[in-house]
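# Topology and contacts: notes
Single-letter residue listing:
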Amino acid sequence: MRIIGGTHRGTALAAVGKGDAGAHLRPTTDRVRESLFNVLQGGRFGDPISDARVLDMFAGTGALGLEALSRGASHVTFVDNGRIAQKLIRDNIAKLRRQTDTTLLTSDFSRMPAGQPCDLIFLDPPYGQNLGLGALKTAMSQGWLAPDALIVWEESTAQIAPSGFDSLDQRRYGDTWVSFLRHDA
């Protein structure tokens, strides 16, 4: 697993191997991440990355948020309550020397503190556990979503935009569906 583009392009990230204690983590593959960022930077959604504040929920290794930083985001807040994931995120932040423009919240999404509004939200919950909608509602109620925030929701099924959100696009990459939503504040 590596950073695909931007200032840190080609940098290998720490990840879990098969049989490791954190093998339950399912990082977004390089191919899906590259396709996702091609869509984000393709102009359809304007420029959602440059100088953006990013929220990376269920961050795992932190690859999505770190890719956004590499491509020009100003700050990323990572949220993950798993100890292995937290270590991987810290290791990857240190590897890229991005401690000053990142924050790691080690709480469960349901206990997120109030936060600063973010322009771009990555939502990558464990597949099939129906955690995404609850996480999105918590982020919204705690002030993490800027008006017109763009949400990139990765799941095993296409996601229907909940109330307060507009569905913009959906893409399928093998067993992964990426739904693009806009917060309709």
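Our subject is the structure that appears above.
Rules behind the numbers
Residues numbered from 1 in each chain as written. Predicted model: local features only at pLDDT ≥ 70, side-chain atom pairs only at ≥ 80, totals over all residues. Heavy atoms only, no water. Pairing = 2+ DSSP bridges. Helix = DSSP H or I, 4+ residues; strand = E, 2+ residues; numbered from the N terminus. Axes fitted to C-alpha atoms, helices over the stretch in contact; angles between N-to-C directions. Contact = heavy atoms within 4.5 Å. Core = buried A, V, L, I, M, F, W, Y, C linked by side-chain atoms within 4.5 Å. Buried < 20%, exposed > 50% of the residue type's maximum accessible area, 1.4 Å probe, protein only. Polar contact = N/O pair within 3.5 Å; in protein donor to acceptor, adjacent residues only side chain to side chain.

## What about the sheet that holds strand 7 (residues 176-183)?
With mixed pairing, seven strands are arranged side by side in an open sheet as 3-2-1-4-5-7-6. Looking at the sheet topology across the chains shown, the edges are occupied by strand 3 (102-105) and strand 6 (165-173). On average, each strand axis in the sheet is tilted by 15 degrees relative to the strand beside it, whichever way the strands run. As defined by bridge partners, strand 6 adjoins strand 7 across eight bridges and the pair is classed as antiparallel. Bridging across to strand 7, Ser 167 finds its partner in Leu 181. Against the sheet, helix 2 (residues 63-70) engages strand 1 (53-57), strand 2 (75-79), strand 3, strand 4 (118-123) and strand 5 (145-155), with an angle of about 180 degrees to strand 2. This element, helix 4 (residues 132-141), spans strand 1, strand 4, strand 5, strand 6 and strand 7 of the sheet and lies at about 165 degrees to strand 5.

## A word on the nonpolar core
One finds Leu 40 and Phe 122 to be the most contacted residues of the largest nonpolar core, which totals 30 residues. Contributions of two or more residues to this core are made by helix 1 (30-40), helix 2, strand 2, helix 3 (83-96), strand 4, strand 5 and strand 7. The residues contacting Leu 40, other than those within four sequence positions of it, are Phe 45, Gly 46, Pro 48, Ile 49, Leu 120, Phe 122, Leu 150, Val 152 and Phe 180.

## Some thoughts on the environment of Asp 30
You can see Asp 30 is positioned in helix 1. Residue classification places Asp 30 among the partly exposed positions, given a relative accessible area of 22%. With 28 residues separating them in the primary sequence, Asp 30 and Arg 2 have C-alpha atoms 6.9 Å apart. In this structure, Asp 30 is in contact with Met 1, Arg 2 and Ile 4, ignoring residues within four places of it in sequence.

## Considerations on the side chain of Glu 67
Following the sequence through the fold, Glu 67 ends up in helix 2. A polar contact of 2.8 Å, which involves the side chain of Glu 67, links it to the backbone nitrogen of Gly 5. When near neighbours in sequence (up to four residues on either side) are disregarded, Glu 67 contacts Arg 2, Ile 3, Ile 4, Gly 5, Arg 33 and Phe 37.

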